[in-house]
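Each chain is listed here by its residues.
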Amino acid sequence: MESGTKRLREKIREKLPVTGPQAASAYELVRWYCYHTNTHGCRRIVVSRGRLRRAAWVLLTFGAVGIIFWQCALLIASYYTASVTITVHFQEITFPAVTICNKNPYRYNATRHLFEKLDQATQIAIKELYHITNSPNSSQAQAQSEAIAEGQDDGLFWNIPLLRIDLMDREYSIVSDLITKRRHRVNGMVKTQSFSSVDTHNRAKLVGFKLCDKTDDKNSTCVIYTFNSGITAIQEWYRLHYLNIMAQVPQQTKLQMGYSTDDLVFSCLFDELPCDSRNFSRMHHPLHGNCFTFNGGENGSVLRTRTGGSDNGLKVTLHLDGNEYNPYLVTSMGAKIVIHDQNEQPFIEDGGIEIQTATETALGIDMTVSQKLSSPYSDCTADGRDVPVTNLYNKTYSLQMCLHSCFQMEMVRSCGCAHYEKPLPAEAEYCDGIKYPGWVSCYYQLRDRFIQEQLVCQKICRPACHSKEWTMTISVAQWPSSPSEEWILRLLSWEKGFHGNRTLRKNELANLAIFYKDLNMRNISETAANNVVTLLSNFGGQLGLWMSCSVVCIIEIVEVFFIDMFLIAARRGRQAARKWWRKEQEPPVLRSAVNATPFYISDEDPPTFNSALKLPRPPVNDPTFPTLPNRMACVKVQQYFSRALHRLQKGPGYTCTGLLVWYCENTNTHGPKRIVTEGPKKRIVWFALTLVFTSLVCWQWGILIRSYLAWEVSVNLHTGFRAMEFPAVTVCNTNPFRYTRSKQLLQPLDRFARLALERIYIYHQNGTIPSDLPSSQTNWSKVASLVIIEESDQGEETVLHVLGSTPSQSHSATRNRSRGRGYKVALQLCNEDSSGCISRNFSTVLETMSEWYSLHYMSILSNVPPADRLAMGEQGEDFILTCLFSGQPCNLENFTQLMHPTYGNCYIFNWGSDGQALVTANPGAEFGLKVVLDISQEDYNPFLSIAAGARLMLHQQNTYPFLQDLGLYARAGTETSIGIFVDEIVRLGRSYSHCTFDGSDVDVKTLYNTTYTMQTCLRSCLQDHMVKYCGCGYHNDLLPEGAHYCNNKDHPNWGYCYYHLKEQIESENSDCLESCKQPCNETQYRLTISMADWPSESSEDWIYHVLSYERDSASSVTVNRSSILKLNLYFQEINYRMIQEEPALTIDWLPSKLGGQFGFWMGGSILCIIELTEIIIDCLWITVIKVVRWFSERRSRRARGQRPDPLPTVAQSTEGHTNPGFQPEPTEARAERPCALAIPGTPPPQYDSLRIHPINHGAKTWDCGQS
């Protein structure tokens, strides 16, 4: 039994080839692998004849392997990507928590004893700085202030002296203490602190305070923090002392000094049901005192709303007593609210919305719930436990909570005490000037490091994965209205319990309504775009497409090329070592002296024939050994090229049928092999199946390729946290030119405008238009005429010229207006010969007059030189009064002046013209931009500037501000706070979307030397058409080179041409809209705007004095509420939102799908297609050879003429002579029968008959020149 099994094993070894580590060499192992592997391409390397074909298949195979690695790397790289799903659910929604705070933290009467000395010192500083003669407070307070000035009680302020910089030099500075009135010199060791990218201007007018890290002046390092405005310096100095004082006040005392719920909230209504103080929970804020949260969920119950709209939601009436405001701590009057989740900490100082008094503010909100994937998909944290920062707020984790807690912990670690504005860590105490005299200097240094991202806070704090956001739409109306003011104030005064002459004023009240606009809750959730199943499926598609490979094939490669190769190398090394050892043990070999033939010393048999072949050859210089002549190298070259030519013609078959049969037998594609190996019936079935599956593959491939070439995109929404560039801020006055400076230039137009208004008024009263129009003024109506269009009951219209373009028209306009007729005032524009006219109708006479005035105003300005326009516009030192960015001073040098065609002199902060933009990594108003503007409303043009205020716009760096299209208004007498949210839009461009990266591929040549935007393209296109068709340029846009602006004298019909052209361009088929492209990368800013009264009634006195002195050097008040305003611009969150276009079908998706379809239906790959292509090329080559042979044989037959048969041979002639019955054998029978045997995997030998035969290798040619 054992002998039979042994014989069976030996028989199997004989039949099967040697594999694995038993192979003789690595070459045999690789050859065996290529013959037996299922991976496409490897078999063709060994079965192909000819070096060229083998090299081609080697390159194709290794190229396919490289592509597989590349595509798989793309799949792995895109594995940890998330897809965003946005869903909208209509359902009952939880009403958010609403925290309401008074901007004034404590009642001034309750804290007067704490801040009495501080207020007196502040009054002294203001008087010393600005020479104010009348003190705003009582005479007793003035006497105490004089006592402090004499140095009787200055112990409170010596640690942080308020200084005026009288002289500043590189080595020293001369400063004056505004409280003690002492003047002293500060040596060069004192440095002036300013923002890194912000320059100071006119340092002699700077005001600041000195901070030292130690009480000993000799060993301390001092820094003078300077401000270019006394208002900012005094407020910051006052706030530092306020923190020192309040840090020593017990918590219970602070709660009593603050407002109660009944003091702040007059009335409350939720979903049309009454609510009271029991629905509010108290929260003490260091800067805003007692705040009250509605629907905070402290008792476990949370209110929900079932109906949207302004009639539902929360409605409260707030009482904000301006008499209780601290005049130096809080300069604006109003309330601040924050809408947040029940478990979230309200950061009022960062994201609060200001509520203005005497108004009704309606907040329509929409809730959006965002859910992001944590690591490794994003850097967010689920609950903050993996963030190494102690949560000091005991609320749900948020990014702002982490930043504030981190800064407070760094404050305790660096300064030894905690900042009063933030929660107190365990085993720490608040900083105050008595226990910690150097804490303010330490705090400022730490804050500077925090702003410049030198602390670890911005690195370790991460955004939360789960968040809720309420998008607000804010609208404001006057409340109470003038007719309702009396009874509403009387009723509320009675309900409040006021008696006698004490009644409420409307400036003390504010009405607030918060409601859901609809009950559609938006969910933005991230889901994994890939999983293990899809990744493996894509891997299989890629492997199948390029090489029809599988995991088993990969295991084969690992086994053969790593394990077996290692075993073969080890075996060969062991054999080499054994051979070397045997050689060392053999007896020495002696050589003969004649021909050095080796022989053995022992008496063993002489060497065999095989061993003799391994003996060393005789020396080359042996004369008995023949050598070839040098010309033999030429023969070898000829033989080499002839063999190469022969190999180029080698193919796998003799005929096209043989080629196809060989392809079906040797291809790795499933199906074709069964066609040639099965019987006749099955052969037909498999042929049909192969055709069907081939058609299915082509059909599916067509769908996939067409889908890919459609260049479809998917829009993904990503949110993240990073330090962001602060936007460029352009501020302008709505009045482009000071009226006192441009009055002489515009006086004729103004006089004519008043005359037109008078004539329209007369027509309205009497129905007639006077005809006594001075002829010198008729030229004003040639470009744009003011007309009155009378409408009769029958629908007929009569046009009456208000001013008349000619005297006859003016005379004919004198007629009576019939009773019952309506009329409207319009603007009539005619072409040069008045053959065509258009009328621009407006809803009011006001709009008509404004448009008519603007057209003539632009005509006048077209002839004014740019230098004169700059001189007539707002000057920066008069317009920008104060500036503060991220707590550091800025001024006019940080603004770029721009001559805007519509708004005159505008000023751009952080435009980035030098390539550097300011960056901020912290949210909140403290780290934003604060400016105070003076619009000088008393110097407005009465006809040109109807609205009073400032015009501002937020835009990207180095982009042109089109304020007339995208600007915002800021009202005088208010503090406008603008919270900024950043949306980054990334479009793919090229084949995916109609966008441009830099505008270079846009047909319109932009006239603005700034970054490309859609507005610059449209405006440039409009101006280009204006110059081309009207002969002049529109005044509100820049001019092309060599053009000039339109005016009434040179182009009397420019108004008609402009409006006619504008209508064409604004149509849907405009060539400008078709030519201009959107930028591929764009940043948009979502804004939350709120307002409060500024300055407050308690602060307006000293603020007006300070601003008047700083602007006009006047001790009397020269500014008022109607001319000044304050702007606060800041990032409400540092979270940015990126709306990014991505290819819906990527380059790694397409091969995966193609490979999946090809592998599913036929088990093929790209190499199979290359195999078929090779066979087709060979078939074409055979066809060409056969055609050539046919033509050659045809010529031979024509040359033979009438003797088609060959001449008989000598043997045939002899046989025919001796044997009369002999018949010669036909030519076809005598033809030599080729051998039909063929080696498997090699081409049949018949194919050689069609080829050019090589030269005879046996012949020896010793001369290269012989044939």
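Our subject is the structure that appears above.
Structural notes, computed from the coordinates. If you're wondering where the values come from, they're calculated on a predicted model, not measured in any experiment.

Here the focus is the overall build of the protein. Helix and strand counts for the protein come out as 35 helices and 43 strands. Per-residue burial over the protein gives 46% buried out of 1267 residues. As displayed, the protein has an accessible area near 65,700 Å², and 54% of this comes from carbon and sulfur atoms.

With that settled, consider the state of the cysteines. For the coordinates displayed, the defined rule picks out 14 disulfides. In this model Cys417 forms its disulfide with Cys431; the gap between the sulfur atoms is 1.8 Å. Taking the sign of the S-S torsion, about 100° here, the bridge from Cys417 to Cys431 comes out right-handed. In this pair, Cys417 sits in the loop between α11 (399-415) and α12 (439-451) while Cys431 sits in the loop between α11 and α12, placing the two residues 14 residues apart along the sequence. Residue Cys417 is classed as buried on the basis of its relative accessible area, which comes to 0%. Each sulfur in the disulfide pair Cys1017 and Cys1076 lies 2.0 Å from the other. Its S-S torsion of approximately -90° makes the covalent link between Cys1017 and Cys1076 left-handed. Of the two residues, Cys1017 sits in helix α28 (residues 1014-1030) while Cys1076 sits in the loop between α30 (1071-1075) and β41 (1078-1079), which places them 59 residues apart along the sequence.

The subject of this paragraph is the sheet that holds strand β34 (residues 904-909). With antiparallel pairing, the five strands of this open sheet are ordered in space as β33-β34-β26-β37-β38. This sheet does not close on itself; its edge strands, each paired only once, are β33 (895-900) and β38 (968-970). Pairs of neighbouring strands in the sheet enclose a mean axial angle of 30°, with direction left out of account. Sheet topology note: the strand β26 (residues 728-733)/strand β37 (residues 950-955) ladder contains six bridges and is antiparallel. Opposite Val731, over in β37, you have Leu952 as the bridge partner.

Here four strands make up an open sheet; going across it, the order is β28-β27-β29-β30 and the pairing antiparallel. A single partner strand is all that each edge strand has here, and the edge strands are β28 (797-801) and β30 (837-841). Each adjacent strand pair in this sheet contributes to an overall mean axis angle of 40°, direction not counted. Alignment of strand β27 (residues 785-791) against strand β29 (residues 822-830), held across seven bridges, turns out to be antiparallel. Bridge assignment links Ile789 to a residue of β29, and that residue is Lys824. On top of the sheet, helix α24 (residues 845-861) reaches β27 and β29; it is set at about 20° to β29, its chief contact.

Under the definition given, this model contains 33 salt bridges. Its salt-bridge partner being Lys468, residue Asp341 comes within 3.4 Å of it at the nearest N-O pair. Separated by 127 residues along the polypeptide, Asp341 in the loop between β16 (335-340) and α10 (348-351) and Lys468 in strand β19 (residues 466-478) bring together distant segments of the chain. Using a relative accessible area of 32% as the deciding quantity, one classes Lys468 as partly exposed. Through salt bridges with shared partners, one network takes in Lys103, Glu354, Glu975 and Lys1126.

Two elements in contact, α11 and α12, have axes whose closest approach is 10 Å; the angle formed by their N-to-C orientations is 135°. What the angle tells us is that α11 and α12 run oblique. Taken as a pair, α11 and α12 cross one another with a handedness that is right-handed. Here Leu403, Phe407, Glu410, Met411, Ser414 and Cys415 of α11 lie close against α12, whose contacting residues are Trp439, Cys442, Tyr443, Leu446, Arg447 and Phe450. Split by residue class, the contact of α11 with α12 holds nine nonpolar, one polar and two charged.

Attention now moves to the packing of aromatic side chains. Scanning all chains against the criterion turns up 34 aromatic pairs. Relative to Phe1131, the ring of Phe726 lies with its centre 5.7 Å away and its plane at 75°, an arrangement referred to as edge-to-face. Residue Phe726 is located in the loop between β25 (724-725) and β26, and its partner Phe1131 is located in strand β43 (residues 1124-1143); the two are separated by 405 residues in the primary sequence. Comparing Phe726 with Phe1131 shows no difference in burial state: the two are buried. Seen in terms of ring centroids, Tyr1058 and Tyr1059 are 5.1 Å apart; in terms of plane orientation they differ by 65°. Their pairing is edge-to-face. Aromatic ring contacts, followed pair by pair, group Phe209, Tyr225, Phe227, Phe407, Trp439, Tyr443, Tyr444, Phe450 and Phe927 into a single cluster. Over the aromatic face of Tyr969 sits the side chain of Arg951, whose NZ or CZ is 4.2 Å from the ring centroid.

Next up on the list: the nonpolar core. By size, the foremost hydrophobic cluster in this structure holds 146 residues, and its most contacted members are Leu929 and Leu1129. Considering each element in turn, this core owes the most residues, ten residues, to helix α7 (residues 230-246). Excluding its chain neighbours within four sequence positions, the residues that come into contact with Leu929 are Phe726, Val729, Cys883, Leu884, Phe885, Cys890, Phe909, Leu1127, Asn1128 and Leu1129. Residues Ile788, Val802, Leu827 and Cys1030 belong to the second largest nonpolar core, which totals 49 residues.

Considering the arrangement of structural elements, one finds Glu508 in the loop between α14 (485-496) and β20 (509-516). Take Glu508: its relative accessible area is 0%, and that puts it in the buried class. Leaving out residues up to four positions away in the same chain, Glu508 has contacts with Leu318, His319, Leu320, Asp321, Gly322, Asn323, Met333 and Arg502.

Turning our attention to the pairing of β27. Along β27, six of the seven residues are buried, which leaves the element largely enclosed by surrounding structure. Across five bridges, the pairing between β27 and β28 is antiparallel. From the neighbouring strand, Ile789 faces β28, where its bridge partner is Val799.

Here Asp934 shows up in strand β36 (residues 929-934). Look at Asp934 and you get buried, because its relative accessible area is 0%. Of note is the side chain of Asp934, whose polar atom sits 3.1 Å from the backbone nitrogen of Ser936. Setting aside its immediate chain neighbours within four residues, Asp934 contacts Asp878, Phe879, Leu881, Arg1111, Val1119, Ser1123 and Ile1124.

Once that is clear, we can look at the packing of helix α22 (residues 739-766) against α24. Running from N to C, α22 and α24 point in directions that differ by 155°, and their axes come no closer than 11 Å. Accordingly, the angle class assigned to the pair α22 and α24 is roughly antiparallel. Between α22 and α24 lies a crossing whose hand is right-handed. In this structure, α22 contributes Leu745, Leu746, Leu749, Asp750, Phe752, Ala753, Ala756, Leu757 and Ile760 to the contact, and α24 contributes Val845, Met849, Trp852, Tyr853, His856, Tyr857, Ile860 and Leu861. Each residue belonging to the contact of α22 with α24 can be placed in one class, and the counts come to 15 nonpolar, one polar and one charged.

This part takes up the environment of Leu1061. If you trace the backbone, Leu1061 turns up in helix α29 (residues 1054-1065). For the pair formed by Leu1061 and Leu1022, sequence separation is 39 residues and the distance between their alpha carbons is 8.3 Å. Discounting residues that sit within four places of it in the chain, Leu1061 has contacts with Leu1022, His1025, Met1026 and Tyr1029.

Turning to unusual backbone geometry, a few remarks are in order. The step from Ser375 to Pro376 runs through a cis peptide bond, and the omega angle for that step is 10°. The residue Pro376 is located in the loop between β18 (359-371) and α11 in this model. For the peptide bond that leads from Trp479 to Pro480, omega is -10°, which places it in the cis range. Mapped onto the fold, Pro480 is located in the loop between β19 and α14. Here the phi dihedral of Asn295 falls at roughly 60°; this positive angle occurs in a residue that is not glycine.

Rules of the game
- Residues numbered from 1 in each chain as written.
- Predicted model: local features only at pLDDT ≥ 70, side-chain atom pairs only at ≥ 80, totals over all residues.
- Heavy atoms only, no water.
- Helix = DSSP H or I, 4+ residues; strand = E, 2+ residues; numbered from the N terminus.
- Buried < 20%, exposed > 50% of the residue type's maximum accessible area, 1.4 Å probe, protein only.
- Areas by Shrake-Rupley, 256 points an atom, 1.4 Å probe, with all protein chains shown as cover.
- Disulfide = S-S within 2.5 Å.
- Pairing = 2+ DSSP bridges.
- Axes fitted to C-alpha atoms, helices over the stretch in contact; angles between N-to-C directions.
- Contact = heavy atoms within 4.5 Å.
- Salt bridge = Lys/Arg side-chain N within 4 Å of Asp/Glu carboxyl O.
- Parallel < 35°, antiparallel > 145°, perpendicular 65-115°, else oblique.
- Left-handed = near helix turned anticlockwise from the far one by under 90°.
- Nonpolar A, V, L, I, M, F, W, Y, C, P; charged D, E, K, R; others polar.
- Phe/Tyr/Trp six-rings, centres within 6.5 Å; stacked < 30°, edge-to-face > 60°.
- Lys NZ or Arg CZ within 6 Å of the ring centre and 35° of its normal.
- Core = buried A, V, L, I, M, F, W, Y, C linked by side-chain atoms within 4.5 Å.
- Polar contact = N/O pair within 3.5 Å; in protein donor to acceptor, adjacent residues only side chain to side chain.

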